[in-house]
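Results of the structural survey
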Amino acid sequence: MSFCRLKTIIDEGDTVVVYLTPRQMYRVKVDRDEVFQTRLGALRMEELIGKPYGSRIQCNKGNVLVLDMTPEIWTLLLPHRTQILYGPDIGMILMNLELRSGSFVIEAGTGSGSLSHSIARTIAPNGKLFTFDFHQKRVEIAREEFREHQIDHIVSVQQRDVCRDGFKFPEQSESESSTTTIKVDAVFLDLPNPWEAIESAQNVMKNGAKICCFSPCIEQVQRSCQMLTKLNFSDIETIECVLRPYELRKASYEKLKLNQQFETSNGLSADPQESMNVDDGDHHHNRDNDNTINGMNKKIRTSEDDNNDNDNEEEEEKNSDSKIMEKDVNKNNDNNGTTINYWVTYMNTEITGHSGFLTFATNFIC
Ligand code: SAM
């Protein structure tokens, strides 16, 4: 297996994803003598070998899917040795550092290798990731994982305190490190004191190379920005990647005299969705405060109101607005209108999931 490309057939030794639901995924190493227990029953690893990835495997109480591992899923399932970076931040980092196939990149610290896997796939097959951590055990485990995941030709991991000793490339001796001719396209720092490593990083950065410092609190961001400014980095920018969950709820409204009111001047039907007001049962969110849709009258309704509506399918069929009829439509006999039910998305106003701030800058040497 390799995290850089997807495979078609499951081999012994592969780390696969056993998928039950989006919230029930497991990383499993395929060993023919092992049995993996799921809530749907036992999964004999021997059965997987030689099967195509994506196969459904029958267990006692149901099927499981066996999928190939990707850096994204690895981030969700990896064994944590440190705090890690997750998908939204990783996506911003890869994009804003402008990483591509062939890029040379420095990372510190390696931590649990969550970001390292995504960088490796992005820069494959000819790029190089030089990753550093001062924690010996973490370095050893990461090295073993990179080897198992067949990205060790792209990623080299070294034990080093980069704040104290700066950066050094694998083949260099200590004395050569200050006179290196190797220069990288990008540097990523996820350290408690990133500002202490910025000057050494600049020494190994190409002209125009990008740097990113990840810090959970704004005081750390300020210190990094001060250092970046002092060292004449340009385009300094800090962003925060936050998750804002949306949810689906049902909303409905009534249309009166459907046929006439939805005809536009050229005879085509207008789509009421474009300026629909919705009802979440508690509040009315009106885009246009006069409670009209494209100048048409309507009454905001709740789902409870809908229970009083009588179905009249014949009437509906006479209705010429097919776009609306495809929705969930009930004829309301009381006021000669029609209730249209829509699924609408609601924004959760509480934003959770702050992970940290990403400060980006460019090393322009004039
Ligand atoms: N970005 C990583 C990931 O996605 O898995 C997590 C990095 S973890 C939060 C920070 C790591 O930095 C730790 O493993 C720690 O040992 C390492 N570290 C802290 N200070 C360091 C230093 N001066 N030099 C090298 N590594 C350091």
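This text gives an overview of the structure that appears in the document. (Residues numbered from 1 in each chain as written. Predicted model: local features only at pLDDT ≥ 70, side-chain atom pairs only at ≥ 80, totals over all residues. Heavy atoms only, no water.)

Looking now at the layout of surface pockets. In this model, the largest pocket occupies a volume close to 690 Å³. Lining the largest pocket we find 32 residues, and of these Gln 83, Gly 109, Asp 190, Leu 191 and Pro 192 sit closest to its centre. Secondary-structure elements contributing two or more residues to the lining of the largest pocket are β7 (104–108), α4 (114–123), β8 (128–133) and α6 (162–165). The class makeup of the residues in the lining of the largest pocket is 14 nonpolar, 11 polar and seven charged. (1 Å grid on protein atoms, 1.4 Å probe; cavity = no way out; pocket = protein on both sides within 12 Å on 5 of 7 lines; lining within 4 Å. Points joined across faces, edges and corners; volume = space filled by probe spheres on them. Helix = DSSP H or I, 4+ residues; strand = E, 2+ residues; numbered from the N terminus. Nonpolar A, V, L, I, M, F, W, Y, C, P; charged D, E, K, R; others polar.)

For the rest of this paragraph, the subject is the pairing of β7. β7 sits mainly inside the fold: four of its five residues count as buried. Taken together, β7, α4 and β8 constitute a β-α-β crossover, and its handedness is right-handed. (Buried < 20%, exposed > 50% of the residue type's maximum accessible area, 1.4 Å probe, protein only. Right-handed = clockwise from strand over helix to strand, strands pointing away.)

A few words on unusual backbone geometry. Note the cis peptide between Ala 108 and Gly 109, where omega equals -10 degrees. Residue position: Gly 109 is located in the loop between β7 and α4. The linkage connecting Ala 124 with the following residue, Pro 125, adopts the cis geometry, with an omega of 0 degrees. Note that Pro 125 resides in the loop between α4 and β8. With a phi angle near 55 degrees, Gln 150 is a residue other than glycine that sits in the positive phi range. The residue Gln 150 is located in the loop between α5 (136–148) and β9 (155–159) in this model. Within the chain, Asp 235 stands out as a residue other than glycine whose phi angle is a positive 50 degrees. For Asp 235, the position within the fold is in strand β12 (residues 234–240).

To continue, consider the pairing of β9. Burial analysis of β9 places four of its five residues in the buried class, the great majority of the element. Bridge count for β8 against β9 is five bridges, and the pairing is parallel. Residue pairing across strands places Phe 132 opposite Gln 158, the latter belonging to β9. (Pairing = 2+ DSSP bridges.)

To continue, consider the side chain of Asp 133. You can see Asp 133 is positioned in strand β8. Of the buried charged residues, Asp 133 lacks a salt bridge, with Arg 138 as the closest side chain of opposite charge at 4.5 Å. Beyond its immediate stretch of four places on either side in the chain, Asp 133 contacts Gly 109, Thr 110, Gly 111, Arg 138, Val 139, Gln 158, Gln 159 and Arg 160. (Lys, Arg positive; Asp, Glu negative; His and termini not counted. Salt bridge = Lys/Arg side-chain N within 4 Å of Asp/Glu carboxyl O. Contact = heavy atoms within 4.5 Å.)

Attention shifts here to α5. Counted at 1.5 Å a residue, the expected span for α5 with its 13 residues is 18 Å, and the 19 Å between its end C-alpha atoms agrees. Considering only its buried residues, α5 is in contact with α2 (71–77), α4, β8 and β9. Downstream of α5 by one or two residues, Gln 150 has phi in the positive range, about 55 degrees. (Expected span 1.5 Å × (residues − 1).)

Attention now goes to the packing of helix α3 (residues 87–96) against α4. For the pair α3 and α4, interaxial distance at closest approach is 11 Å and the crossing angle is 40 degrees. Of the possible angle classes, the one that applies to α3 and α4 is oblique. Handedness of the α3/α4 crossing: right-handed. Taking contact as the criterion, the partners of Ile 90, Ile 93 and Leu 94 in α3 are, on α4, Ser 114, Leu 115, Ser 118, Ile 119 and Thr 122. Classifying every residue of the contact of α3 with α4 by side-chain character gives five nonpolar, three polar and no charged. (Axes fitted to C-alpha atoms, helices over the stretch in contact; angles between N-to-C directions. Parallel < 35°, antiparallel > 145°, perpendicular 65-115°, else oblique. Left-handed = near helix turned anticlockwise from the far one by under 90°.)

A side chain with one charge may pair with a side chain of the opposite charge, provided their charged atoms come close. Tallied over the entire structure, the rule returns 12 salt bridges. When the shortest N-O distance is used, the salt bridge between Glu 12 and Arg 32 registers 3.0 Å. Of this pair, Glu 12 sits in the segment before β1 (15–21) while Arg 32 sits in the loop between β2 (24–29) and β3 (35–38), and the two are 20 residues apart along the sequence. A relative accessible area of 39% means that Glu 12 is categorised as partly exposed. A salt bridge links Lys 206 to Asp 185; the nearest nitrogen and oxygen atoms lie 2.7 Å apart. Of this pair, Lys 206 sits in strand β11 (residues 205–215) while Asp 185 sits in strand β10 (residues 184–189), placing them 21 residues apart in sequence. By sharing partners, the salt bridges in this structure join Lys 7, Asp 11 and Asp 14 into a single network.

This part is about the nonpolar core. Core analysis: the largest hydrophobic core is formed by 36 residues, its most contacted members being Ile 93, Leu 97, Leu 99, Ile 119, Phe 188 and Leu 358. Broken down by secondary-structure element, the contributors of at least two residues to this core are α2, α3, α4, α5, β9, β10, β11 and β20 (357–363). Of the residues forming this core, the biggest block, four residues, is contributed by α4. Two domains each provide a minimum of three residues to this core, namely domain 1 (15–69) and domain 2 (74–243 + 354–363). Here Ile 93 is in contact with Leu 85, Leu 115, Phe 188, Cys 212, Leu 358 and Phe 360, once residues within four sequence places are set aside. Within the second largest apolar cluster, 25 residues are counted, among which are Val 184, Val 187, Leu 189 and Ala 209. (Core = buried A, V, L, I, M, F, W, Y, C linked by side-chain atoms within 4.5 Å. Domains from an automatic or database assignment.)

Within the element layout of this structure, Gly 87 appears in helix α3. Distance in space between the C-alpha atoms of Gly 87 and Pro 71 is 9.4 Å, their sequence separation being 16 residues.

Taken together, 22 residues sit near the ligand, with Asp 133, Phe 134, Arg 138, Asp 161 and Asp 190 positioned nearest. Contact distances for the ligand include 3.4 Å between a nitrogen atom and a backbone N or O atom of Arg 160. The contact in question runs from a nitrogen atom of the ligand to an N or O atom on the side chain of Asp 190, over 2.9 Å. When isolated, the ligand has an accessible area of 610 Å², and the protein chains bury 91% of it. In this structure the site holding the ligand corresponds to the largest pocket. Listing elements by their share of the shell around the ligand, those giving two or more residues are α4 and α6. Split into classes, the residues belonging to the shell around the ligand amount to eight nonpolar, nine polar and five charged. (Near = heavy atom within 4 Å. Polar contact = N/O pair within 3.5 Å; in protein donor to acceptor, adjacent residues only side chain to side chain. Areas by Shrake-Rupley, 256 points an atom, 1.4 Å probe, with all protein chains shown as cover. Sits in = over half its atoms within 2 Å of the grid points.)

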